[in-house]
Amino acid sequence: MIVARTIAEVRSFRREVGAASVGFVPTMGYFHEGHLELMRRSRAENERTVVSLYVNPLQFAPHEDLAAYPRDFERDRSLAEGVGVDLLFAPDDDEMYPPALRPKEAAGERLQATVVRVEGLNSVLEGRSRPTHFDGVATVVLKLFHIVSPDRAYFGQKDYQQALLVRRMVADLDLPVDVRVVPTVREPDGLAMSSRNVYLTPEERAQATVLHRALRSAVAAIAAGERDAAAVARLLRETIASEPLARLDYAEVVDAETLSPLPRLAGRVLLAVAARFGRARLIDNEVVAVPGGPGA
Ligand code: AMP
């Protein structure tokens, strides 16, 4: 496996690969089975697989966990090599956002002048709690797509809104990339795998399974005939509130394509939750095809 630190190295790899298909998995590292599953999918569906490992400062707000975000490059390198990744791109901040290009302003330094914003999808759910997050995600993903030039790119359903937003950006900007979404990989007790799970104390870890339990109850209620979105959202909130260490951020039931509110459930519906457990802010979701509606 090649470890590339510079954009120039990735470009030269891409040129050498020529017409062979390239799958790409963008990550922030600290790999778990969720990341490895994306890499395996890419391996199965492409002749070459490129993984990026970059904790992108542009998608963290000043009060968020950028400095504390878990990192272990040697472990990540050997896990990626173990699943057969061809190239691991691990740039530093100066490579991704060259200091010479950073605009100097009275309000503080920005990383670059150009920002990609996917309007609408960026301001609900995660975007309401993290207003600048998706501008940072869209901007770095577009940069990475231009650096890697993949045929296919792999994203996890755990970050459903992110995958939807990337799909929209790809469509709006006519990017020649096929975006594929991989189902959420879970711990045996249902907790969605996340690099941030290492922040959890044993008590918080035990209670964090409530996110998945709440989603399962909501899916069961819909299967039993519930069609009132407010009632399903209430069930999510009440279930999460039953664990004393959970501090709910949001629990919402929305249209899975537009992310807009749905009074009556129909078609593809997204159940999305976010809560804090101590230092960790965790998210999870389920998508349900509700019989009787469009797309069902
Ligand atoms: P991250 O390193 O957290 O930015 O995640 C990199 C990619 O892995 C994103 O596309 C995530 O959606 C995906 N991912 C993270 N956790 C999981 C999981 N438990 N199952 C499937 N994909 C995941």
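Just so it is clear, the structure is predicted and the values come from calculations on it, not from any experiment.

Quick notes on the rules
Residues numbered from 1 in each chain as written. Predicted model: local features only at pLDDT ≥ 70, side-chain atom pairs only at ≥ 80, totals over all residues. Heavy atoms only, no water. Pairing = 2+ DSSP bridges. Helix = DSSP H or I, 4+ residues; strand = E, 2+ residues; numbered from the N terminus. Axes fitted to C-alpha atoms, helices over the stretch in contact; angles between N-to-C directions. Expected span 1.5 Å × (residues − 1). Buried < 20%, exposed > 50% of the residue type's maximum accessible area, 1.4 Å probe, protein only. Contact = heavy atoms within 4.5 Å. Polar contact = N/O pair within 3.5 Å; in protein donor to acceptor, adjacent residues only side chain to side chain. 1 Å grid on protein atoms, 1.4 Å probe; cavity = no way out; pocket = protein on both sides within 12 Å on 5 of 7 lines; lining within 4 Å. Points joined across faces, edges and corners; volume = space filled by probe spheres on them. Nonpolar A, V, L, I, M, F, W, Y, C, P; charged D, E, K, R; others polar. Salt bridge = Lys/Arg side-chain N within 4 Å of Asp/Glu carboxyl O. Core = buried A, V, L, I, M, F, W, Y, C linked by side-chain atoms within 4.5 Å. Near = heavy atom within 4 Å. Areas by Shrake-Rupley, 256 points an atom, 1.4 Å probe, with all protein chains shown as cover.

**Student:** Requested: an account of the sheet that holds strand 4 (residues 87–89), with residues and values cited.
**Tutor:** The strands that make up a sheet are held in pairs by hydrogen bonds between backbone atoms, and each pair lies either parallel or antiparallel. One open sheet accounts for 6 strands, arranged 1-4-3-2-5-6; its pairing is parallel. Only two strands of the sheet have a single neighbouring strand rather than two, namely strand 1 (2–4) and strand 6 (178–182). For this sheet the average axis-to-axis angle between neighbouring strands, irrespective of direction, equals 25°. Pairing between strand 2 (residues 22–27) and strand 3 (residues 48–53): 6 bridges, direction parallel.

**Student:** I'd love a proper account of helix 10 (residues 229–241), names of residues and values included.
**Tutor:** Between the first and last C-alpha of helix 10 there are 18 Å, a value that for 13 residues agrees with the 18 Å anticipated at 1.5 Å per step. When helix 10 is considered as a whole, its buried residues turn out to be Ala229, Ala231, Val232, Ala233, Leu236, Thr239 and Ile240. The inward-facing, buried residues of helix 10 abut helix 9 (210–223), strand 7 (246–255) and strand 8 (267–277). N-capping of helix 10 is provided by Asp228, with a side-chain oxygen placed 3.1 Å from the backbone N of Ala230.

**Student:** Please set out empty space enclosed by the protein residue by residue, giving values where relevant.
**Tutor:** A complete count under the given rule lists 1 cavity of 30 Å³ or more for this structure. Estimates place the volume of the largest cavity at around 30 Å³. Counted by class, the lining of the largest cavity contains 3 nonpolar, 3 polar and 2 charged residues.

**Student:** Describe the pattern of salt bridges, with residues and values.
**Tutor:** What the rule picks out here adds up to 22 salt bridges. The residue Arg268 makes a salt bridge to Glu257 at a minimum N-O spacing of 2.2 Å. Taken together, the positions of Arg268 in strand 8 and Glu257 in the loop between strand 7 and strand 8 put the pair 11 residues apart, joining distant regions of the chain. Glu257 gets classed as partly exposed once you look at its relative accessible area, which sits at 39%.

**Student:** A description of the nonpolar core should follow, citing residues and the corresponding values.
**Tutor:** One finds Phe89, Phe145 and Leu259 to be the most contacted residues of the largest nonpolar core, which totals 50 residues. In contact with Phe145, other than residues within four places in its own chain, are Phe24, Pro150, Ala153, Phe155, Val166, Val170, Leu175 and Val177. Among the nonpolar cores identified, the runner-up in size contains 34 residues, and Phe60, Tyr199, Ile240 and Val290 belong to it.

**Student:** Tell me about the site of the ligand, and please be specific about residues and values.
**Tutor:** The environment of the ligand is made up of 18 residues, and the closest members are Met28, His35, Asp159, Val185 and Met193. At a separation of 2.7 Å, an oxygen atom of the ligand approaches a polar side-chain atom of Asp159. If the ligand stood free it would expose 490 Å²; the protein chains cover 94% of that surface. Where the shell around the ligand is concerned, the elements lending two or more residues are strand 2, helix 2 (33–45) and strand 5 (152–156). Considering every element that reaches the shell around the ligand, the biggest residue donor is helix 2, with 3 residues. For the shell around the ligand, a count of residues per class yields 8 nonpolar, 8 polar and 2 charged.

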